[in-house]
Structures are given as structure tokens and as C-alpha cells.
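Reading the structure
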Amino acid sequence: MELCTASIWSSAQRSHILTSGSRVTSHGFASSSSSVPQRRRRSTLYVLNAVSAGAPVSSQSTTQLPRTNGTSLRSISSDKPSSAMEQLDIERGVCIPFRKYTPEMVRNKVLESRGSVLSLASRGVEIIWKLGFYWSSLVSDFLVGRDEEIVPFRARQLRNLLCDLGPSFIKAGQVLANRPDIIREDYMNELCILQDDVPPIPNQVAFAIIEEELGQPLEKLFSKISSQTIAAASLGQVYRATLRETGEDVAIKVQRPGIEPIIYRDLFLFRTLASFLNGISLQKLGCNAELIVDEFGEKLLEELDYTLEARNIEDFLENFKDDPTVKIPRVYKQFSGSRVLVMEWIDGIRCTDPQAIKEAGIDLDGFLTVGVSAALRQLLEFGLFHGDPHPGNIFAMRDGRIAYVDFGNVAVLSQQNKQILIDAVVHAVNEDYAEMANDFTRLGFLASGTDVSPIVPALEAIWQNSAGKGLADFNFRSVTGKFNQLVYNYPIRIPERFSLVIRSLLTQEGICFTLKPDFKFLEVAYPYVAKRLLTDPNPALRERLIQVLFKDGAFQWKRLENLIVLAKENVTKMNSNPALKKSSLQTVRSRQLQSKLDLTETIKDGARMFLIDAGIRRQLILAFTEDSKLHVEELFDVYRLVEDQIDMPSVALEVLQDLPSVARDFMLSWSDSILSDRQY
């Protein structure tokens, strides 16, 4: 089992983990300090996983995991962790010593409450009766041979059933809508329209909760408050108000009364029922059903604690503090608690109204580029992303910024997970489908040790069929549809955080299509990734850049040119956003380098790498001389692409200033090679 160690941060410290100040050797050259912040610590203490993603895992037993289509995947199971929660921590790359959810805590809370046995019994009977009746209908359909033709009706019936069973089941249905590993795609499509809207609780009840939570009369805190709710959902509802002290408009989110005991009770019953399905789940998904319930329960209880949501907002504010194109609402912690959250009111345009956005004078292409880039930064740079970016949670500000609200459902990706995702992109570019399949194992989609060879041809078919059409016809929904079939036919489990990733990307792509029907998501996403690969000083990304530029030992000149063109395109589109033009002079000055493709650090690291790393030096020399000719023309083509983007005298000066450090590293590398040769 992987080990967790060493540094612990408390939520009170709220500090970022930076690689700044250290120099990491990769491929023989010391990388520049990375200024990319990692996920700040939230409500609990986090212990970072210090084990490499590629660390070997011991294996003891071999089992056969059958597929639904009759073939099987061979799986070598690793030492089992002591609990499902530990297994989740290992997959995520972090350990969480103190958490909101554990099965033991849920059981204790439920059984210690008054009248728990009677409440559990009556609720259990209700759930079993309604779900049992629905299941018997499915069996009956199968026996009479009409199971396929009646699917649309049964899917609607399931959606209505989940609504009738209450908030826990509504949330479960929304999760199932993104879990092709558990249910069929036609049922998923129906659950995608599962509405979280419910009748609001009376104002006097909601206002009483606000006063109880904040310890002051409502009129003392707010000069006015809306008589109608702005939004009402299964867990809470939102009002608009004005702070008496400052006159600022705010949104007040208040939790429904008595919702927590209901959620705890249902989670206890979910897990009890899941224990009877472990055998089926192991065959179909390669994991216990209890682990799936634990993932769901952990997320649901996080949504119930508004102090966690307040910290999520602070994290997003910190991540985007230097980005004038993204608006995150301020949170008023002095007026907030575990059941009440007061945030800055966002006066924006809904992202489902393209006409209003155009009338506001917002450049649509620039705004969409900002939106996609912000989403990719959350996923690949910060490792903290909005898990529910539906049209009601994303707004266009009149100055061109994109605004996010509702941060109860966010997901965290460890540094390890982010690097594996970038690996997957590199493997897709290089058409290395075997390694793509291994990436699925490293991300937790497949059990450790699973033989991925049966999956490789399916991955190749999906990617080539989609990518072969080019960027103009590529969209995530078509790829996801094919991927759903793969997931349903193999013992693949989609971890909760990645189901949120998929939902987030699909939802945001859908919003883009609403605003601009001919929008091509990858035409924005690829330039962003290209820019990251070319400009980010992170050693891991430098490594991936080398993998992209060299294929089968040959340097890919055309690929380098394409990366530069795409990266320049990203810079141009980002700078077309009016939010940049309206930002303060100080902000503009701080972003002057971003108006061009800044390759200074990349050139410096490339020079260092050429001098220090003999293997890379040999490959680059071969790249200039392969096919028995000097590739001077290709070199000049690359130079022409970047000559307007870089100040060569300044770059040369920085390289010279770094020369003593490079010389020292070169001498150390040379002496190491001499000593190594003498040992042999």
C-alpha cells in the first residue's frame, strides 16, 4: 500500500504549497522555480502523498474480472487497504486524517438519535418497497421481451421515483447521470434533466434559521431582503439582500431545516444496501459498492457544511486573484455559519442568453476563450475545479469577465493526478494507446495490476474515430458517448472526482454551443495546452514537452511549429477580452508579458538542457542533421514564428546571467560521468 508522509498543513494556515525557491533537476537540467500554486488546504488537515504515481504496487492474488460482453480482464489485486476510505485516499494522492464523512461516524450519528430504530425501519421499508417494485417491473419487461422498447418510459419512471424519495436520492440521481460505469447511457440521459428545484420553505422558517445561526435579528444585519427566493433546491435556498452596515448587495444561502438527520439516515441505509451488492460491484466495476457510497457520502456531507463552501470560495479567489478575466464573489465570513452563507451579489448575464451578451458589447469569441481557459486552469493548473458549472452558476459580467457562483460542489485533483492527466494528453498526441490505458489504471479507473491489453484497441478506435475528423468536428459529447460504451462493457469504475470532471467539461461545452452553435471546444483547449507546455517552468511539464517533441527518437519539427502557432492563438484570443482593456493600469502592467508568448524561461531551460544532458544533446544534434542534411530551413521557420514574440537581446542577457549556474551544473554532470566510467 502506498505511504503517506510528511508535511501537514492546517486550514487555519491557509497557505499555498509552492515549488518556489527550489530547483528540481529533470532530464539533467535545473528547472526554473514554478509559481503555480497547489490546492490550498481546506477544512481538514491534509497529508500529502509522497509516493510517485508510477510506484510499483505489490500483488498477491490473481482474479478474473468478467465483462458484460463475455470476455474478461485479468486483474492482479494489490494489498487491500484497511478501509474503503483509505483506498480513496491512495487513488487521490492525499490522506485526510480528519474528515466530514466516515461510515463509522454516520452509523454512530444515526443510531444515537432518538427513535432511530423506528425511523430507520420505516424509511428502509419505504425505500425497499419503491425500489423493489421498480426492479420487479424491469424483470417483468425482460421476461416478456420488451425491455428495450420500454426503456424511455422506465427511465422517466426512475427519475420521478428518485424525486419522490427525497433530497438524498435526487443527489444520487444527479451523480448517476455522470456514471456510465453504473447505468446505461439512455438512463443517464434521462437523469441529466433531473431537477433539483423543490418548493421553497416558508420565509419565516428560513429567516429564523438565519437569525439563529448569526445570533442577531435580521433587521440589524440587513436593510432589506427579498420576499421571494432567488433559487430553491433540495438542500437550501437563496435570497437577495442588502447589508445594513455597508449598503452592499449580497446573496444569502440558507440550509433547509432538519436536512442533516435525513441525509445521515439515508447514507446509513445506502451503505447497508450496498454491502449486499459488493459481489456484483466487484465483477462489474472492480471495487466494492460500499466504496461508491463512501465517495457519494463524502461529497454530500461537504455540501451540507457552508463553512466548507466559504473556504472553497476563498480558495478560488486566491487562485484567480491575478486574473482580471475571472470574477469570484467575495464571502462575508462574519455573517456566515455552517447553515448560512452570505456572499457578494453577482449582477451578471446568464450564459444561456447570447443576445443579451452581444447587446452588452461583449466579444463572444474572447469571452468563450476566457471561459474555456478558466476551466482548464482549474483542472490542470490549480487542481481545484467547480463541480457543477451549469448555466445557473456561470454569468457573463458586463465588462467581459466570467463569473462563477455556488461552490458547494467542488473537486480536488492532486499534483499526481494532474500530471497523469497531462500524460494522457501527451500519449493521445503521440498515439500511444497502451500508455493511455495505463493512465486509466494510475487514475483509479481500473484496479491496480489489471491487464489493459483488451482495452487498448477500443481506446484506439475511439480516439482515431474522433480525432481523425480534425478539430472542426471534434466535441467532448461524441467522445464521451463512445467512452460510455467502453466503460459499461469493461470492469471500469469512474472515480467521483473524474465523473465531476467529465460533467464539468460537458456542461461548459454545452454552454459554449448555446452561445455559439459552431463553437469548437478543442480549438480553444488545444491552444491553452500548447501554451502551458511551451511556457510553464514546471519540471513535469518540461518533461512532457520533450515527450511531445520527440517521437521514436526523431524530433518533430512540424509539431513544434503547430504548438507555437496554437499558443500564439491562445494569447491573441485572451487579449481580445474587454475585461483586460478595462482593468487598472497596475493590472495591465503586471500582465504585459502575457500580451506575447513569453518563451524566455523555455529558451533558458533548453540551453541548460543542451549543455548538461548528454542524451538530449545527442537527440537535438541528430534532429538538426537527420536524413543526412542540415535542417536549417526548419530552424528558421521556427524562428520566424517566435521572432515577434521575444526580445532576443534580453533573452541572451538572461542566459548569460545564468551562465555561472549552468557551468557549475555542467561541471558536476561531467565529473559524475567521469566517476561513473571509472567504476566500470
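Shown above is the structure to which this text applies.
Below you will find a few notes about this structure. (Residues numbered from 1 in each chain as written. Predicted model: local features only at pLDDT ≥ 70, side-chain atom pairs only at ≥ 80, totals over all residues. Heavy atoms only, no water.)

On to the sheet that holds strand S14 (residues 349–350), then. Ordered in space as S12-S17-S16-S14, the four strands form an open sheet in which the pairing is mixed. Two strands close off the open sheet at either side, each with one partner strand: strand S12 (326–327) and S14. By the bridge criterion, two bridges tie S12 to strand S17 (residues 402–404) in an arrangement that is parallel. Bridging from a neighbouring strand, Val326 pairs with Ile402 of S17. Against the sheet, helix H14 (residues 364–382) touches S12, strand S16 (394–396) and S17, its axis set at about 45° to S17. (Pairing = 2+ DSSP bridges. Helix = DSSP H or I, 4+ residues; strand = E, 2+ residues; numbered from the N terminus. Contact = heavy atoms within 4.5 Å. Axes fitted to C-alpha atoms, helices over the stretch in contact; angles between N-to-C directions.)

Moving on, we get to unusual backbone geometry. One non-glycine residue, Asp406, lies in the positive phi region at around 65°. As for its placement among the helices and strands, Asp406 is situated in the loop between S17 and strand S18 (410–412). Overall, the relative accessible area of 26% leaves Asp406 in the partly exposed class. (Buried < 20%, exposed > 50% of the residue type's maximum accessible area, 1.4 Å probe, protein only.)

What follows concerns the packing of aromatic side chains. Under the criterion given, the structure shown has seven aromatic pairs. Seen from their ring centres, Phe320 and Phe382 are 5.1 Å apart, and the 80° between their planes marks the pair as edge-to-face. In this pair, Phe320 sits in the loop between helix H12 (306–319) and S12 while Phe382 sits in helix H14, placing the two residues 62 residues apart along the sequence. Judged by relative accessible area, Phe382 falls into the buried class, the value being 1%. An angle of 85° between the planes, with centres 5.2 Å apart, marks the rings of Phe440 and Phe445 as edge-to-face. According to the relative accessible area criterion, Phe445 is buried, its value standing at 6%. An aromatic cluster of three or more residues is present, and its members are Phe169, Phe270 and Phe296. The ring centre of Tyr264 lies 5.3 Å from the NZ or CZ of Lys109, which sits over that ring. (Phe/Tyr/Trp six-rings, centres within 6.5 Å; stacked < 30°, edge-to-face > 60°. Lys NZ or Arg CZ within 6 Å of the ring centre and 35° of its normal.)

Turning our attention to the packing of helix H15 (residues 415–429) against helix H16 (residues 433–442). Contact geometry of H15 with H16 gives a least axis separation of 9 Å together with a crossing angle of 165°. Relative to H16, the element H15 lies roughly antiparallel. Like other packed secondary-structure pairs, H15 and H16 cross with a definite hand, here left-handed. Of H16, the residues touching H15 (which contributes Ile420, Asp423, Ala424, His427 and Ala428) are Glu435, Met436, Asp439 and Arg442. Among the residues making up the contact of H15 with H16, the classes are represented as four nonpolar, one polar and four charged. (Parallel < 35°, antiparallel > 145°, perpendicular 65-115°, else oblique. Left-handed = near helix turned anticlockwise from the far one by under 90°. Nonpolar A, V, L, I, M, F, W, Y, C, P; charged D, E, K, R; others polar.)

Note that an α-helix has 3.6 residues per turn; residues three or four places apart therefore point the same way. Helix length check: helix H7 (residues 203–214) (12 residues) gives 16 Å between terminal C-alpha atoms against 16 Å at 1.5 Å per residue, within 8%. Of all the residues in H7, the buried ones are Ala206, Phe207, Ile209, Ile210 and Leu214. Along the axis of H7, the buried residues cluster in a sector spanning 155°; they form a single face. Seen from the buried face of H7, the exposed residues on the opposite side, beyond 90 degrees, are Gln204 and Glu212. (Expected span 1.5 Å × (residues − 1). Arc of directions from axis to C-beta.)

With that out of the way, let us pick up the side chain of Asp423. When you line up the elements, Asp423 lands in helix H15. By relative accessible area, Asp423 is classed as buried at 6%. A polar contact is formed between the side chain of Asp423 and the side chain of Arg442, at a distance of 3.4 Å. Not counting residues within four places of it along the chain, the set of residues in contact with Asp423 comprises Asp439, Arg442 and Arg544. (Polar contact = N/O pair within 3.5 Å; in protein donor to acceptor, adjacent residues only side chain to side chain.)

Our next topic: the pairing of strand S10 (residues 236–243). Among the eight residues that make up S10, seven are buried, leaving the element largely enclosed by the rest of the structure. Note that strand S8 (residues 222–225) and S10 share three bridges and pair antiparallel. The residue of S10 that forms the bridge with Phe222 is Leu243. As paired elements, strand S9 (residues 231–232) and S10 share two bridges and run antiparallel to each other.

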